[in-house]
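Now for the letters of each chain:
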Amino acid sequence: MKNICILGGGTAGWMTACLMAKHWNNRQPDSQTEKVQITLIESDKVPSIGVGEGSTPQLKKLFDTLDISEQEWMPACHATYKNGIRFVDWSTRAGFKQYFHPFPAQVDDHTVPGFFHNSFLIRKGIDLDAHPDHFFLTTHLANQNKAPISAENFPFEVNYGYHFDAAKVARILKTKAQQLGVSVAVATIEHVEQDIAGNIKLLIGQDGQTFSADYFVDCSGFQSLLLQQSLAVPFQSFSDNLFNDKAVVLSVPRKSQQPLMSQTISTALKHGWMWQIPLQHRTGFGYVYSSQYTNAEQAEQELRNRLVAQSADISARHINMRVGQVTKHWHKNCVAIGLSQGFIEPLEATALHIVQEGIEGFIDALHKGGFSNQLQADYNQQMTARFNAIRDYIVAHYKLNTRKDTLYWRNNAANQNLSDSLQHIIKTWFSGQNLSDELARQKIDEYYPSVSWHCLLAGYGHFPDKQQLIEGNDFAKQYSIEQINKFIHACCLNYPSQVDCLGC
Ligand SMILES: Cc1cc2nc3c(=O)[nH]c(=O)nc-3n(C[C@H](O)[C@H](O)[C@H](O)COP(=O)(O)OP(=O)(O)OC[C@H]3O[C@@H](n4cnc5c(N)ncnc54)[C@H](O)[C@@H]3O)c2cc1C
């Protein structure tokens, strides 16, 4: 019998518990895999972070894997559907005040070629429409507050995400983990004992309870009690190119009869950006900012000014963020999952996606390695590559901004601390070369696909100035925006409003 001990009952801890229990409980013991007992330690004294309410489409895979239906979890977590993210005020270029980063849909296969074609040729100086908002189904669904759940007679897939109450999702996952045989212990860990080889041997709680295991999963949040504090694995900060280190958050109740958005809105403010996340019963707002450029009081005021009277009586919460990643995600007999392993700030809502990939990769590595550290180096290399690739996509949002209103934005645009990979991507775009080829060459399109990079660069309007463009020939003008619009409009007729779909 093998033992795994998970420290921390936040979202990362419960996701880990569920996925591990699902994997090992469903498997017959064989020569390579022994029976695995999983214990999760949760504290009744240390709170979870309590934010993280937007997802990528990956979260659907989690619920599907755990056989938890949308009918079961979505009402319980006040969840809504998310078609993607709208970026407002990140660019000052005419016609590009905002753009939508869509989640992919099967019918996009008909329209993406036009988007790639136009955004390639406009960079060669041909006058074409390459605004991403004109090419994607989920963009239109979001514009119409529609849910990405099609009528039965329109069987084309949409990859969608969710907005949800994070604390309630953690509760659902806890119940599931217990059903899957995870033991839950309530303790606040105070001491960690290591053996002579440096492996973790024992966790000791404030009341003297002890926990031993073959492997420990550090899900203790930003403080990273096991991997960083006990095993002294260094943390690599991303502050050189991601300036934000604080957030102030509050939520406003939703009035009945109010339309229910099916998108996250991310609006650039003076020293960072503000999210707007719609749940069934409330809208969450958060201002993510850099403390080098503004302070907590000013940031809260700037956020409240945006919400006018809506937030007058509502208290705000201030959160510190530690942006970066550990230099090794798995060291000795301990792997860190969640905020304990790192965080790339909330833009694009990637944290839970990384959590899921991290757990699945670790389960796979333990399984294939016969419950040993054999595949540890590979795992660490993969996790580091994932963090770096996602970081670069996020950094590009800041680097490519064209705002001039504050030092914060000017310094972001002037930032030269870019990875080689990102420098090549930017150079490829501005020199009019094929971006999809460059992403494939770098083998990073599995993290963010070419469409996402195109949406970002085209969505900011990084094209030659209008007066420099010349009219194209028939080949250049082969994709009619009018026809694409008609096509997407017709597809949208097969989708209900978010309110009707959720019945709220
Ligand atoms: C401002 C902000 C916005 C975010 N927005 C998003 C988003 O939109 N989408 C997204 O995917 N992610 C988002 N995230 C990230 C997301 O919140 C986290 O990835 C997710 O909540 C997982 O957190 P966690 O479980 O690692 O840490 P936590 O929630 O902090 O949980 C840590 C757990 O460890 C326990 N613990 C700590 N010390 C001890 C101890 N000594 N003994 C016992 N237990 C202990 C605590 O009790 C707690 O339960 C956001 C994060 C921030 C900061």
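Starting from 1, residues in each chain are numbered consecutively following that chain's sequence as written. Only residues with pLDDT of at least 70 get local features here, since the model is predicted, and only at 80 or more are side-chain atom pairs given and counted; chain-wide, interface and lining totals rely on the full set of residues. Side-chain figures throughout are based on the complete set of non-hydrogen atoms in the structure, without hydrogens or water.

## Re the packing of helix H2 (residues 58-65) against helix H9 (residues 351-368)
It is the contact of H2 with H9, at a shortest axis distance of 9 Å, that shows an interaxial angle of 50 degrees. Considered as vectors, H2 and H9 are oriented oblique to each other. Taken as a pair, H2 and H9 cross one another with a handedness that is left-handed. Each of Gln58, Leu59, Lys61 and Leu62 in H2 lies in contact with H9, whose residues at this interface are His353, Gln356, Glu357 and Glu360. Only Asp, Glu, Lys and Arg are considered charged, only Ala, Val, Leu, Ile, Met, Phe, Trp, Tyr, Cys and Pro nonpolar, and every remaining residue, Gly among them, polar. Split into classes, the residues belonging to the contact of H2 with H9 amount to two nonpolar, three polar and three charged. Only the stretch in contact is used when a helix axis is fitted, and all axes are lines through C-alpha atoms; the angle between N-to-C directions ranges over 0 to 180 degrees. Counting from the N terminus, the helices are DSSP H or I runs at least four residues long and the strands are E runs at least two residues long. Orientation categories follow fixed angle ranges, with anything under 35 degrees roughly parallel, anything over 145 roughly antiparallel, 65 to 115 roughly perpendicular, and all other angles oblique. Crossings are assigned a handedness: left-handed for a near helix turned anticlockwise from the far helix by less than a right angle, right-handed for a clockwise turn. The criterion used for residue contact is that any of the two residues' heavy atoms lie within 4.5 Å.

## Considering the domain arrangement of the chain
Domain annotation for the chain reports domain 1 (2-52 + 165-238 + 323-388), domain 2 (104-159 + 398-493) and domain 3 (246-320). Taken over C-alpha atoms, the centre of domain 2 sits 28 Å from the centre of domain 3. If you look at the interface, domain 2 gives eleven residues, while domain 3 gives 13 residues. Summed over both partners, buried area is the accessible surface (1.4 Å probe) that two parts give up on being assembled. Of the roughly 940 Å² buried between domain 2 and domain 3 on both sides combined, carbon and sulfur atoms contribute 53%. Considering only the side of domain 2, the residues that lose the most area to domain 3 are Ala142, Asn145 and Tyr408, jointly responsible for 50% of the buried surface there. Note that the domain bounds reflect an automated or database-derived domain assignment.

## Notes on the site of the ligand
We call a residue near a molecule or strand as soon as one heavy atom of that residue lies within 4 Å of the molecule or strand. Around the ligand, the surrounding shell holds 32 residues, and the nearest of these are Val46, Ser48, Val51, Gly54 and Gln223. Definition of a polar contact: a pair of N or O atoms within 3.5 Å, with one able to donate and the other able to accept a hydrogen when the atoms are protein atoms, and with sequence-neighbouring residues admitted only if both atoms are side-chain atoms. Contacts to the ligand include Val51, whose backbone N or O atom sits 2.8 Å from an oxygen atom. Separating an oxygen atom of the ligand from a backbone N or O atom of Cys219 is a distance of 3.4 Å. Going through the elements one at a time, helix H1 (11-25) and H9 are the ones with two or more residues in the shell around the ligand. In the shell around the ligand, the residues fall into 18 nonpolar, 13 polar and one charged.

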